[in-house]
Amino acid sequence: RPQPSVKWLINGILVDEQYEHNSGDVIENRLLWPAIQRSDLNSIFTCQATNTLLVEPKESSFVLDLHLKPLSVKIMNPQTPLVADRRYEISCESVGSRPNAIITWYKGKRQLRRAKEEILNNTTRSELSFVPTTEDDGKQITCRAENPNVTGLFLETSWKIEVVCE
């Protein structure tokens, strides 16, 4: 007569069949997964309980979803020098955040608001429209890509601008 058992499978592969009998008829298997990685995203975790060969095993599954920090953020094709009082469009691109990153622009410590964003697949692209003045010479333009669901999951990059008079 086969023994009742509880085991864990991930994507159909057996990963843990160590179970213990608790009080009465309770059999328990606690899966400890030491380090969740990006590659585990959308993995199917299945707990399967077997009692007898006469009855199909009972199982419960869930799909692992993860909040992920952006993998990269970069300012695309920054121009230098910039001419004072002319309008410029600067792009920033972030890849790898889940859900997609929110991009925020700063000049020094001041947030800049004239930006439009587009999201395609796992990439967020933001285009900033701004007009530098001679007082902006030497300031940093920063692009920050942040996971909207987890405080502190962000990457940022900066570009020191050079502004000249025409």
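Residues numbered from 1 in each chain as written. Predicted model: local features only at pLDDT ≥ 70, side-chain atom pairs only at ≥ 80, totals over all residues. Heavy atoms only, no water.

The name an unreviewed UniProt entry gives the protein chain is Ig-like domain-containing protein, with Anopheles christyi as the organism.

> Whenever I open this one, the overall build of the protein chain confuses me. Can you help?
Along its length, the protein chain carries zero helices and 16 strands. Over its C-alpha trace the protein chain gives a radius of gyration of 26 Å, far above what one expects of a compact globule, namely 15 Å for 166 residues. Referenced to the eigenvectors of the C-alpha coordinate spread, the extents of the protein chain come out at roughly 90 × 25 × 20 Å. In the protein chain, 56% of the contacts between residues at least 6 apart in sequence involve partners at least 24 apart. On the protein chain, the mean spot of the 20 positive side-chain charges and the mean spot of the 22 negative ones are 5 Å from each other. (Helix = DSSP H or I, 4+ residues; strand = E, 2+ residues; numbered from the N terminus. Rg over C-alpha atoms; globule rule 2.2 N^0.38 Å. Contact = heavy atoms within 4.5 Å. Lys, Arg positive; Asp, Glu negative; His and termini not counted. Charge placed at Lys NZ, Arg CZ, Asp CG, Glu CD.)

> It is not clear to me how the sheet that holds strand S1 (residues 5-10) should be interpreted in this structure. Could you clarify?
The strands making up a sheet associate through backbone hydrogen bonding, with each pair oriented either parallel or antiparallel. Here we have four strands laid out as an open sheet, ordered S2-S1-S5-S6, and antiparallel in their pairing. Each having just a single partner strand, strand S2 (13-16) and strand S6 (58-63) make up the two edges of the open sheet. Across the sheet, the axes of successive neighbouring strands diverge by a mean angle of 30°, strand direction being ignored. Where strand S5 (residues 44-50) meets S6, six bridges bridge the pair, whose relative direction is antiparallel. (Pairing = 2+ DSSP bridges. Axes fitted to C-alpha atoms, helices over the stretch in contact; angles between N-to-C directions.)

> What is the right way to look at the state of the cysteines in this model?
What is meant by a disulfide is a covalent connection between two cysteines, made through their sulfur atoms. Under the counting rule described, the total for this entry stands at one disulfide. Two residues, Cys92 and Cys143, share a disulfide whose sulfurs are 1.8 Å apart. Around the S-S axis, the bridge from Cys92 to Cys143 shows a dihedral of about -85° and counts as left-handed. Pair noted here: Cys92 is in strand S9 (residues 88-95) and Cys143 is in strand S14 (residues 140-146), with a separation of 51 residues, a long-range link. (Disulfide = S-S within 2.5 Å.)

> Sorry if this is basic, but what is going on with the environment of Val73 here?
The topology assignment puts Val73 in strand S7 (residues 72-76). Here the alpha-carbon distance between Val73 and Ile10, two residues 63 residues apart in the chain, equals 32 Å.

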